[in-house]
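# Descriptive structure summary
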Amino acid sequence: MDLTPTPDEERFRQRLRRWLSEVLPTLPAEPAPTDWPGRRAYDCAWQRALYDAGYAGLHWPADAGGQGAGPVRHLAFLEETELAGAPYVGANFVGLLHAGPTIAAEGTPAQRARWLPPILRGEEVWCQGFSEPGAGSDLAALRTRAVRDGDSYVVTGHKIWTSHAEVADWCELLVRTDPSVPAHRGLTWLAMPMRAPGVTVRPLRTLAGSTEFAELHLDEVRIPVDHRVGAENDGWRVTMVTLSHERGTAFAGEVVACRRTLARLARTARENGRWEDAVLRRRLGRLNAEFLGLWRMLQSRASEAEYGLRTGRPGTPDAMGSVFKLRYSHSRQDLYDVAAEILGPGCLDAEHPWTRERLSSLSYTIAAGTSQVQQNIIAQRILGLPKGR
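Notes on the structure in this doc start here. Being a predicted model, the structure only gives us computed values, none of them experimental.

## A word on the overall build of the protein
Secondary structure summary: the protein contains 11 helices and 8 strands in total. Per-residue burial for the protein yields a buried fraction of 50% across its 389 residues. Sequence-distant contacts, at least 24 apart, represent 72% of the contacts inside the protein between residues at least 6 apart. Per element, the accessible surface of the protein, about 18,400 Å² overall, is 53% carbon and sulfur.

## Remarks on the packing of helix α4 (residues 93-106) against helix α5 (residues 109-120)
One can describe the packing of α4 onto α5 by two numbers: an axis separation of 10 Å at closest approach and a directional angle of 155°. Classed by the angle they form, the pair α4 and α5 counts as roughly antiparallel. The two elements α4 and α5 meet at a crossing, and its hand is left-handed. On α5, the residues that touch Gly 95, Leu 96, Gly 100, Ile 103, Ala 104 and Ala 105 of α4 are Gln 111, Arg 112, Trp 115, Leu 116, Ile 119 and Leu 120. In the contact of α4 with α5, the residues fall into 8 nonpolar, 3 polar and 1 charged.

## Examining unusual backbone geometry
The phi dihedral of Trp 161 is positive, around 60°, even though this residue is not glycine. Summarising the element assignment, Trp 161 is placed in the loop between β3 (152-159) and β4 (170-176).

## A short note on the pairing of strand β7 (residues 213-224)
Sheet topology note: the β3/β7 ladder contains 7 bridges and is antiparallel. Each residue of the ladder has a partner; that of Ser 152, found in β7, is Pro 224. Direction of pairing for strand β6 (residues 199-204) relative to β7: antiparallel, over a ladder of 6 bridges. Bridged to Thr 200 within β7 is His 217.

## Structural notes on the packing of aromatic side chains
The tally for this structure, following the rule as stated, stands at 9 aromatic pairs. Consider the rings of Trp 115 and Trp 126, whose centres lie 5.9 Å apart with planes at 90°: the pair is edge-to-face. Of the two residues, Trp 115 is situated in helix α5 and Trp 126 in strand β1 (residues 126-129); the sequence distance between them amounts to 11 residues. In this pair, the class of Trp 115 matches that of Trp 126, namely buried. Seen from their ring centres, Trp 161 and Phe 213 are 5.8 Å apart, and the 80° between their planes marks the pair as edge-to-face. A residue pair is termed long-range when its members are at least 10 positions apart, and Trp 161 in the loop between β3 and β4 and Phe 213 in strand β7 qualify at 52 residues.

## Focus: the nonpolar core
Trp 19, Trp 46, Phe 77, Trp 126, Tyr 328 and Leu 335 are the most contacted members of the largest nonpolar core, which totals 64 residues. Setting aside residues up to four positions removed in sequence, Trp 46 forms contacts with Trp 19, Leu 20, Val 23, Leu 24, Leu 27, Ala 86, Pro 87 and Tyr 88. One finds Cys 127, Val 155, Met 192 and Leu 216 within the second-largest nonpolar core, a separate group that totals 22 residues.

Rules and cut-offs
- Residues numbered from 1 in each chain as written.
- Predicted model: local features only at pLDDT ≥ 70, side-chain atom pairs only at ≥ 80, totals over all residues.
- Heavy atoms only, no water.
- Helix = DSSP H or I, 4+ residues; strand = E, 2+ residues; numbered from the N terminus.
- Buried < 20%, exposed > 50% of the residue type's maximum accessible area, 1.4 Å probe, protein only.
- Contact = heavy atoms within 4.5 Å.
- Areas by Shrake-Rupley, 256 points an atom, 1.4 Å probe, with all protein chains shown as cover.
- Axes fitted to C-alpha atoms, helices over the stretch in contact; angles between N-to-C directions.
- Parallel < 35°, antiparallel > 145°, perpendicular 65-115°, else oblique.
- Left-handed = near helix turned anticlockwise from the far one by under 90°.
- Nonpolar A, V, L, I, M, F, W, Y, C, P; charged D, E, K, R; others polar.
- Pairing = 2+ DSSP bridges.
- Phe/Tyr/Trp six-rings, centres within 6.5 Å; stacked < 30°, edge-to-face > 60°.
- Core = buried A, V, L, I, M, F, W, Y, C linked by side-chain atoms within 4.5 Å.

The structure is reproduced here in structure tokens:
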């Protein structure tokens, strides 16, 4: 597989670089990390700028409001914007990276027309209501109930780790619609308006001091049946589409960010004398190889996906996303362990930005499916090993 950029891709990169060089200096200062209403406004304004310039939804289908340019160009966009220090998707990462691609793949024409353009224009923010206090890694054990009542589902239950729920307009919600069948077969994927009566949001404070997570209490929330994506009781399959995106392509920008962080650490080690430590140099070299390998994996998968689109055999991310997510989660933790070693006691300050990043890195072996879940997926779906008893 030839991953060398084509002349057309190079022209795209040059055009994007020029635009970024003109626009980024005009952006206002970023809000404080704890100011989520401010973050929402800032992130959505950036998304609107991308939309107006023709850079929003590059890889989304044209009939979903996107550019239909394909995954290779999207990956080039992520690389260039991260290298330029542009804002990340931020508060609407669920809409842009999870819910949006799921609706694009599984939604009806009316659902695509209703929900996808506002996501791309930065007008509506989504959150994810999957995990529950008793159903985190074992997602199929969730207990939030949805009972059909005419043209609505009446939903009652409790969700947790709902990212950006306090500023979201919509929630991709997984509920149990049939408790009489095996756990995976009685689930349904719904789009829930966050301002519906019966929705209570309670922010949770993380180890790093941030409050982007929340718990949701749902008390007889009525959700129209036409807000269901996919068939009733087919929610597990639809959710696997969501999680495949979350475990694969959604981390592309973060890989580039980690490579930039690694370069900064190498410069710091040279400046403070730690570069003389041969063991440390080997650790930095290994991490450089790992992040480069992860990026090449993303390039390869994007190229394969684009080939599938050209040949009329498009698909969604598969179990190889678990391979990527598993390795990335641990590499990111290793990166910030090395950062603490290079930077020294300063990293013990809770207000130090490196400290916040290191504490945040601990969550990556849990978020989007624990490492143990990823290992099971790899063992069963890629290696063909039997399930453990």
